[in-house]
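# Architecture and fold: a report
Now for the letters of each chain:
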Amino acid sequence: MKLFIRRLQSEWASWLAVAFIALLPFGRLSELPLSIFAISLAFLARSPANRAKIRAASAFVLPLFLCFWIPMVLSSFDSMYAAKSWSSSLAALRVLAAALAMSLLLNAPSARDRVLRWTAYLLLFWAADAF
């Protein structure tokens, strides 16, 4: 049991990333892993070493996020239902927090390999199921 708990402590972020991909077809249920990553950024940012890593990761993550977010904000100006557009644009900031937390938590090569391997298995299963 101790081995399982120790493994879970070291691998939870990669399994949560796989769960995000696995829950995408089920509507808004995929928001749960995304929100956990976004909340974990606040706990990660308490350490000065982690803050330095977050700043380094933001040099890559922030421009990618802005490519997604700036069109959202610009389209909110001419929206039919402006309040909903602006609230969606503000709520999308959680994606930035989640991406920064994922870049920090999935930094180990074993974690990235685990996410890629299990995501590939999942996509292979979906492709076989669709065929």
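Look above for the structure.
The structure reproduced in this document is the subject of the present report. (Residues numbered from 1 in each chain as written. Predicted model: local features only at pLDDT ≥ 70, side-chain atom pairs only at ≥ 80, totals over all residues. Heavy atoms only, no water.)

### Regarding the nonpolar core
Counting 21 residues, the largest nonpolar core has Phe37, Leu41, Leu100 and Leu106 as its most contacted members. No other element matches helix H5 (residues 93–105), which puts six residues into this core. In contact with leucine 106, other than residues within four places in its own chain, are Ala13, Ser14, Ala17, Ala111, Arg112 and Val115. (Core = buried A, V, L, I, M, F, W, Y, C linked by side-chain atoms within 4.5 Å. Buried < 20%, exposed > 50% of the residue type's maximum accessible area, 1.4 Å probe, protein only. Helix = DSSP H or I, 4+ residues; strand = E, 2+ residues; numbered from the N terminus. Contact = heavy atoms within 4.5 Å.)

### A closer look at the environment of tryptophan 69
Examined against the element boundaries, tryptophan 69 turns out to sit in helix H3 (residues 48–76). When the C-alpha positions of tryptophan 69 and leucine 106 are compared, they lie 23 Å apart, and in sequence the two are 37 residues distant.

### Brief notes about the side chain of asparagine 50
Relative to the helices and strands, asparagine 50 is located in helix H3. Within the local environment of asparagine 50, its side chain forms a polar contact with the backbone oxygen of leucine 44, the two atoms lying 3.2 Å apart. For asparagine 50, the residues in contact, after removing those within four places along its chain, are Leu44 and Leu104. (Polar contact = N/O pair within 3.5 Å; in protein donor to acceptor, adjacent residues only side chain to side chain.)

### What to know about the environment of leucine 34
Along the chain, leucine 34 falls in helix H2 (residues 31–44). By relative accessible area, leucine 34 is classed as buried at 10%. Put simply, leucine 34 and valine 95 are 61 residues apart on the chain and 7.2 Å apart in space, counted from C-alpha to C-alpha. For leucine 34, the residues in contact, after removing those within four places along its chain, are Phe20, Arg94, Val95 and Ala98.

Coordinates in, geometry out; function isn't part of it.
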